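# Topology and contacts: notes
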Amino acid sequence: MDNIKNIIESSRVPIIFHDMLDDWELFKWNLDKWNNIFQHQSLDCRKGKITCTKEPLWESKCLHESHSFSEVINMSNDIEKSGNWLYFDYKHIGETVDENIFKSISWKKFGYENLGPKDSTLWIGSIGAHTPCHQDLYGINLVAQVHGKKRWILMPPEMGKYLKPSRVPYEESSCYSKINFSCPDNVKDIDDACRCVAVVLSPGDVLLVPHKWWHYVENLTTAVSINTWIQTPKYDNMARLNESVVRFMASSICTGVPKNIQSRLLNPNEIFSPSMIVESINFIDQSIKMIKNEEDTADSKEPDSTSLMKYQYKTCEPEQCLSKVELDTKYHRHNHTSSSLKSDLNNDISHRLLDSLCNENVINQIVSNLIKID
């Protein structure tokens, strides 16, 4: 399995693997089986409405409601009437769901024999459920499509200049695009030079999302996915230093503004406390030490295509023009209406200040100066 592990950690483009996880029991489950599994558990879901706005539907703008699995299915069936979606997303197995139910999960076939249920997260959503376009700043993402279909739009890191990147709302390790991809008209306005990969995952597919690739993800049916993040020390040590500096900036700004502004600057999963500043300084110190002490690693090599021959796979080059990708669906056409959701964040000085201080060029210069100081 070393070959496939090297391929995953060195690939500079997404790869889709087919039918490699046929030993996972959950691939045999239909929706009735999933419904039985969760019949005694309420799912803590994000609830959103399909609307057409310039600004993405941030998590803070979503409702948080408890629903049964059957209600998630029914929301898909009622999408044209209600225009709403439900997403039980980013749930760590063993914390919010019973690990024993998912004991067949193993990433051994991808070279990670120590990664299992506790290292994986569960995503269950109705039609239209989505995550705003963003990039993960740590690691590599492996995503198994278990049930239904999910559309992924992926862009290389260098395409970020076309995507209006922002650290507001602040969330550790995630940089968001200010463009609302769930409104197809917005995507048509993006510069034609922005290239992407557009794929639809079906059950049995496993997608490799390389380090720092931008992605927008949307359910085309009721869908279930399982993912795990692969640590990449070569990149992650520096990324953690950058993120520690960003966290220092965010906590410094939040210290001086009222709670209602704090809640608008931070993603709901980030809870402000006065100790964040001291913690951030400690993280910066630790990260610098890790970088200075880390051993030199060999340069990454391009994946050896011959070593992939025994796997069913497809490498995905960013050859499509993002503005030409057809994102419209039946439920978009029925439900995309102007929204009353408005935000004055862009006119708020704390928002503009945090976004400016956390600009990638600013953070890179600060980190460069920190590393030079002995």
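The preceding data block contains the structure.
Keep in mind that what you see is a predicted model, and the values were worked out from it rather than measured. (Residues numbered from 1 in each chain as written. Predicted model: local features only at pLDDT ≥ 70, side-chain atom pairs only at ≥ 80, totals over all residues. Heavy atoms only, no water.)

A separate point is unusual backbone geometry. The step from Val-168 to Pro-169 runs through a cis peptide bond, and the omega angle for that step is 5 degrees. Relative to the helices and strands, Pro-169 resides in strand 10 (residues 165–171). (Helix = DSSP H or I, 4+ residues; strand = E, 2+ residues; numbered from the N terminus.)

Here we take up empty space enclosed by the protein. On inspection of all chains with the given rule, the structure shows one cavity of 30 Å³ or more. In this structure, the largest cavity occupies an estimated 40 Å³ of space. Every residue lining the largest cavity is listed: Asp-136, Tyr-138, Gly-139, Ile-140, Asn-141, Val-209, Pro-210, Lys-212, Trp-213, His-215 and Trp-229. Classifying every residue of the lining of the largest cavity by side-chain character gives six nonpolar, three polar and two charged. (1 Å grid on protein atoms, 1.4 Å probe; cavity = no way out; pocket = protein on both sides within 12 Å on 5 of 7 lines; lining within 4 Å. Points joined across faces, edges and corners; volume = space filled by probe spheres on them. Nonpolar A, V, L, I, M, F, W, Y, C, P; charged D, E, K, R; others polar.)

Further remarks concern the state of the cysteines. Note: disulfide means a covalent bond formed between the sulfur atoms of two cysteine side chains. Taken as a whole, this structure holds one disulfide when the rule is applied. Residue pairing for Cys-52: its cysteine sulfur links by disulfide to Cys-183, the two sulfurs lying 1.8 Å apart. Of this pair, Cys-52 sits in strand 3 (residues 51–52) while Cys-183 sits in the loop between strand 11 (174–177) and helix 5 (184–188), placing them 131 residues apart in sequence. You can call Cys-183 buried: its relative accessible area is 1%. Here Cys-45 is not disulfide-linked; the sulfur of Cys-62 is the nearest cysteine sulfur, at 11 Å. (Disulfide = S-S within 2.5 Å. Buried < 20%, exposed > 50% of the residue type's maximum accessible area, 1.4 Å probe, protein only.)

Turning to the side chain of Glu-171, a few remarks are in order. Tracing the sequence through the fold places Glu-171 in strand 10. This buried residue, Glu-171, is left without a salt bridge; Arg-167 holds the nearest opposite charge, at 8.0 Å. Within the structure, Glu-171 has its side chain in polar contact with the side chain of Tyr-176 (distance 2.5 Å). The contacts of Glu-171, once residues within four sequence positions are left out, are Tyr-176, Glu-243, Asn-267, Asn-269 and Glu-270. (Lys, Arg positive; Asp, Glu negative; His and termini not counted. Salt bridge = Lys/Arg side-chain N within 4 Å of Asp/Glu carboxyl O. Polar contact = N/O pair within 3.5 Å; in protein donor to acceptor, adjacent residues only side chain to side chain. Contact = heavy atoms within 4.5 Å.)

The biggest cluster of nonpolar side chains holds 39 residues, and the ones touching the most others in it are Trp-34, Phe-102, Trp-107, Phe-110 and Leu-122. Ignoring anything within four residues of it in the chain, the contact list for Phe-102 reads Leu-26, Trp-29, Trp-34, Phe-38, Ile-93, Val-97, Pro-117 and Leu-122. Formed by 22 residues, the second largest nonpolar core is a distinct cluster that contains Ile-261, Phe-272, Met-276 and Cys-358. (Core = buried A, V, L, I, M, F, W, Y, C linked by side-chain atoms within 4.5 Å.)

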